[in-house]
Amino acid sequence: MKKFVCLIWSIAFAMNVMGQNASTSQKKPTTIDPSLTKVEDEFMNRQSAYFLDLIEKNLHTHPPLMETPEARMLTLYMLDAVLHDKYAAYREPVQKFFHHRIDQALTEIENTKVDSGIKIWKLYNIGFIARTKSVTIAFDLVTGNTPEAIGFAIPDATMERIIKQCDVLFISHRHRDHAQIEVAQSFLDKGKVVVAPPQVWEGQEIHSRITHLKRESHTKQKLALKGGKVNLEVVNYPGHQMSSHENNVPLIYTPEGITIAHSGDQINEGKFMVDYDWIDDVHKHHQLDIFLVNNWTNDILRIAKGLNPKLIIPGHENELGHTFDDRVPYWGDEKYLGLEYTQLKQTYPVLLMVWGESFHYSK
Ligand SMILES: [Zn+2]
């Protein structure tokens, strides 16, 4: 199985960009992609704008469904192609598309009351917001602060409005595409709860204000929100992104009885397989409705069978801070990456979502 480079996400990208900056400090860059001529580079901008406009329209005509129709699938693949330009995050049409998608989600979040079931919005990377009648839960919320791609991240004012809509933030682990200190700080300053593994921002002032639930398999722990007006029951599974990174996998009982779990960047590989001790048994202890899972993890089918959810929603597609061979696309690249997407889709309902889309789930 190919070893994932997610751990070193962005390092190569940042180095590449630093190299570009060093060489361009003497000479002003005329193109976004230094390997292209001005006219070639301008073509790439025009093509991105044209395709993204088409993608935007098609996403409205073909919203997320349990069974993805071919027209929507092709739209997702077209988005993969636009975002697998090495410099996608630097291009204005991509930035505009991303911001517009998030703005649409925000307007919807600000104007949506959920009477039954659970409504889920996908934001950037594996950032999700889930709302029931009584509570709004955020997972791995980040602005898309991609290194050096100035203008890509969601503006702070937008993120502030998103945070206002949420009651709690669950952070899976310490990597920048999952955990952003300004976002956590803003939750805390508004009297909202932030849950993270002990490793996140260890040694920093913010650490003592973060809720560190026990990393313990199968045990429900109480989590009081909204000044004690709402209580969640949370099983905080002690996951890892390989041996060096603690990765919380919370399985949450909403007050309405719908359960939702988020995998963060859960992965075990090679000799480090400890987490299968709990993963394989989750379904014996808890009934899971929705599983938000990182699309690039290996043994995804085994993980899914362990949790046995009614619906799987993958995340982490096209994280632009990764080098582009490691921005796992909607089409999966599964043979090269050694994934089991096809089998997963044959075994479970898998719902593919794009930045800013929402889906309403009822039991
Ligand atoms: Zn990640």
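Predicted model only: the values in this text are computed from it and were never measured.

S.K.: In this structure, what is going on with a nonpolar patch on the surface? I would like to understand it.
M.R.: A cluster of nonpolar side chains, Leu74, Tyr77 and Trp331, forms an exposed patch at the surface whose accessible area comes to about 330 Å². Using a relative accessible area of 32% as the deciding quantity, one classes Tyr77 as partly exposed.

S.K.: Where do I start with the pattern of salt bridges in this structure?
M.R.: Opposite charge on two side chains lets them pair, provided their charged atoms get close. One pass over the structure, following the stated rule, counts 19 salt bridges. With its nearest N and O atoms 3.3 Å apart, the salt bridge here joins Glu233 to Lys222. Highlighted residues: Glu233 in strand S7 (residues 230-241) and Lys222 in strand S6 (residues 220-225), separated in sequence by eleven residues. By relative accessible area, Glu233 is classed as partly exposed at 26%. Accessibility expressed as a relative area gives 60% for Lys222, which makes it exposed.

S.K.: Sorry if this is basic, but what is going on with the side chain of Asp85 here?
M.R.: As for its placement among the helices and strands, Asp85 is situated in the loop between helix H3 (70-83) and helix H4 (92-110). Within the structure, the side chain of Asp85 is placed 2.5 Å from the side chain of Arg91, a separation counted as a polar contact. Apart from the residues within four sequence positions on either side, Asp85 is in contact with Met44, Arg91 and Arg327.

S.K.: Whenever I open this one, the environment of Thr146 confuses me. Can you help?
M.R.: By the secondary structure assignment, Thr146 is in the loop between strand S3 (136-139) and helix H5 (156-164). Along the sequence, Thr146 and Gly321 sit 175 residues apart, while their C-alpha atoms lie 5.0 Å from each other.

S.K.: What should I look at first to understand the coordination of the zinc ion in this one?
M.R.: Angles between donor atoms at a metal ideally measure 109.5 degrees for a four-coordinate tetrahedral arrangement and either 90 or 180 degrees for a six-coordinate octahedral one. Note on the zinc ion: its protein donors are Asp177 (OD), His178 (NE2), Asp265 (OD) and His316 (NE2). The metal-donor distances range over 2.1 to 2.5 Å. Around the zinc ion, the four donor atoms are arranged such that angles at the metal cover 84 to 157 degrees; this shape is classified as irregular. For the zinc ion, the donor residues sit on a single chain with the sequence spacing D-H-x86-D-x50-H. A residue pair is termed long-range when its members are at least 10 positions apart, and Asp265 in the loop between strand S9 (259-262) and helix H7 (276-279) and His316 in the loop between strand S11 (311-315) and helix H10 (334-337) qualify at 51 residues. You can call Asp265 buried: its relative accessible area is 0%. Owing to a relative accessible area of 2%, His316 belongs among the buried residues under this scheme.

S.K.: Got a minute to help me understand the packing of helix H2 (residues 38-61) against H3 in this structure?
M.R.: Two measures define how a pair of helices packs: the angle their axes make with one another and the distance between the axes. Relative orientation of the contacting elements H2 and H3 amounts to 150 degrees, with a least axis distance of 10 Å. Judged by the inter-axis angle, H2 sits roughly antiparallel to H3. Crossing geometry of H2 relative to H3 is assigned as left-handed. The segment H2 lies against H3, with Ser48, Phe51, Leu52, Leu54, Ile55, Asn58 and Leu59 engaging Arg72, Thr75, Leu76, Met78, Leu79 and Val82. Its residues placed into classes, the contact of H2 with H3 shows nine nonpolar, three polar and one charged.

S.K.: When you look at the sheet that holds strand S8 (residues 245-253) in this model, what are you seeing that I'm missing?
M.R.: Across a sheet, strands are paired by hydrogen bonds formed along the backbone, either parallel or antiparallel in direction. With mixed pairing, six strands are arranged side by side in an open sheet as S6-S7-S8-S9-S10-S11. This sheet does not close on itself; its edge strands, each paired only once, are S6 and S11. Neighbour to neighbour, the strand axes of the sheet diverge by 25 degrees on average, direction disregarded. Against the sheet, helix H9 (residues 300-307) contacts S9, strand S10 (290-294) and S11, and its axis sits at roughly 155 degrees relative to S10.

S.K.: Any chance you could explain the pairing of S11 here in plain terms?
M.R.: Buried residues dominate S11, accounting for five of its five residues. Burial along S11 is two-sided: Leu311, Ile313 and Gly315 facing one way and Ile312 and Pro314 facing the other are all buried. Note that S10 and S11 share five bridges and pair parallel. Within the sheet, the bridge partner assigned to Leu292 lies in S11 and is Ile313. In this region the chain leaves S10, passes through H9 and returns to the parallel neighbour S11; the handedness of that crossover is right-handed.

S.K.: Hey, could you run me through the confidence of the model for the chain in this one?
M.R.: Note: predicted coordinates in regions of low pLDDT should not be interpreted at a detailed level. Chain-level pLDDT for the chain is 92 on average; 92% of the residues reach the 70-or-more range. When the criterion is pLDDT under 50, residues 1-25 qualifies, and its contacts beyond four places in sequence or with other chains add up to 55 contacts.

S.K.: Is there a simple way to think about the pairing of strand S1 (residues 118-122) in this case?
M.R.: Successive side chains on a regular strand alternate, one facing one side of the sheet and the next facing the other. In terms of burial, S1 is a largely internal element, five of the five residues being buried. Neither face of S1 is left uncovered, since the one carrying Ile118, Ile120 and Lys122 and the one carrying Lys119 and Trp121 both have all their residues buried. In this sheet, strand S12 (residues 358-361) lies alongside S1 in antiparallel orientation, the contact comprising four bridges. Following the sheet pairing, Ile118 is matched in S12 by Tyr361. One ladder, built from four bridges, connects S1 with strand S2 (residues 128-131); its direction is antiparallel. If you follow Trp121 over to S2, its bridge partner there is Ile129. Connecting S1 to the next strand, S2, in antiparallel fashion are five residues, including Asn125 with a positive phi near 60 degrees.

Scoring rules and cut-offs
Residues numbered from 1 in each chain as written. Predicted model: local features only at pLDDT ≥ 70, side-chain atom pairs only at ≥ 80, totals over all residues. Heavy atoms only, no water. Patch = residues over 30% accessible without salt bridge, like charges linked within 9 Å, V, L, I, M, F, W, Y side chains within 5 Å. Areas by Shrake-Rupley, 256 points an atom, 1.4 Å probe, with all protein chains shown as cover. Salt bridge = Lys/Arg side-chain N within 4 Å of Asp/Glu carboxyl O. Buried < 20%, exposed > 50% of the residue type's maximum accessible area, 1.4 Å probe, protein only. Helix = DSSP H or I, 4+ residues; strand = E, 2+ residues; numbered from the N terminus. Polar contact = N/O pair within 3.5 Å; in protein donor to acceptor, adjacent residues only side chain to side chain. Contact = heavy atoms within 4.5 Å. Donors = N, O, S within 2.8 Å, 3.2 Å for Na, K, Ca; no water. Tetrahedral: all angles 85-135°; square planar, octahedral: opposite > 155°, others 65-115°. Axes fitted to C-alpha atoms, helices over the stretch in contact; angles between N-to-C directions. Parallel < 35°, antiparallel > 145°, perpendicular 65-115°, else oblique. Left-handed = near helix turned anticlockwise from the far one by under 90°. Nonpolar A, V, L, I, M, F, W, Y, C, P; charged D, E, K, R; others polar. Pairing = 2+ DSSP bridges. Right-handed = clockwise from strand over helix to strand, strands pointing away. pLDDT = per-residue confidence, 0-100.

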